[in-house]
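# Summary of the model geometry
The primary structure of each chain is shown beneath.
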Amino acid sequence: QCQLNGLWRNDQDSLMEISGLRDNGDFQGQYLTRVTLSGDCAQISPLRGAQQHLGEEGWPTFAFTVHWDKFSNATTAFVGQCFVDAGGKETLSTMWLLREAVGSLEEDWKAT
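Residues numbered from 1 in each chain as written. Predicted model: local features only at pLDDT ≥ 70, side-chain atom pairs only at ≥ 80, totals over all residues. Heavy atoms only, no water.

### Quick notes on the overall build of the protein chain
Regarding its fold elements, the protein chain presents 0 helices and 7 strands. From first element to last, N terminus to C terminus, the protein chain shows the α and β order β-β-β-β-β-β-β. Taking contacts inside the protein chain between residues at least 6 apart in sequence as the whole, the part at least 24 apart equals 28%. As displayed, the protein chain has an accessible area near 7,400 Å², and 50% of this comes from carbon and sulfur atoms. (Helix = DSSP H or I, 4+ residues; strand = E, 2+ residues; numbered from the N terminus. Contact = heavy atoms within 4.5 Å. Areas by Shrake-Rupley, 256 points an atom, 1.4 Å probe, with all protein chains shown as cover.)

See below:
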């Protein structure tokens, strides 16, 4: 079974730590991104999410948001699923959508 708790690294060398996975599926953590709007400096941002409840077997789906409040006026929503290969390696497969704040409804087209 795939466990979301722990430290994860993505293809861009960013780190995500998921902690506090509760019985109801809610979790929190932090995201340390190497790809920032402020250059090559690493920035830590909080995340909050929820995991789908499954039985003993199966690959859980999950969703979480990251608020990039320390270096950007944006929020990213991630959705994904956790998998375990035959060798026991856990992998998170995700899609994400970033939303930046804009000054008006007319500028909404360029925000996502």
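Past the structure itself, the notes keep going.
### A short note on the sheet that holds strand 2 (residues 15-19)
Each strand in a sheet pairs with its neighbour through backbone hydrogen bonds, running either in the same direction (parallel) or in the opposite one (antiparallel). In spatial order, the strands read 1-2-3-4-5-6-7; together these 7 strands make up an open sheet with antiparallel pairing. A single partner strand is all that each edge strand has here, and the edge strands are strand 1 (6-9) and strand 7 (90-100). This sheet shows a mean twist of 25° between the axes of neighbouring strands, independent of strand direction. (Pairing = 2+ DSSP bridges. Axes fitted to C-alpha atoms, helices over the stretch in contact; angles between N-to-C directions.)

### Observations concerning the pattern of salt bridges
Throughout the structure, instances matching the rule amount to 3 salt bridges. Note that Lys 110 and Glu 107 form a salt bridge whose closest N and O atoms lie 3.4 Å from each other. (Salt bridge = Lys/Arg side-chain N within 4 Å of Asp/Glu carboxyl O.)

### Here's the deal with the pairing of strand 5 (residues 61-67)
Only one face of strand 5 is buried, namely the one carrying Phe 62, Phe 64 and Val 66, since none of Thr 61, Ala 63, Thr 65 and His 67 on the opposite face is buried. Bridging between strand 4 (residues 43-51) and strand 5 involves 5 bridges; their strand directions are antiparallel. Its bridge partner lying in strand 5, Gly 49 is registered against Phe 64. Where strand 5 and strand 6 (residues 74-84) come together, 7 bridges link them in antiparallel fashion. Bridge pairing in strand 6 places Thr 61 opposite Gln 81. (Buried < 20%, exposed > 50% of the residue type's maximum accessible area, 1.4 Å probe, protein only.)

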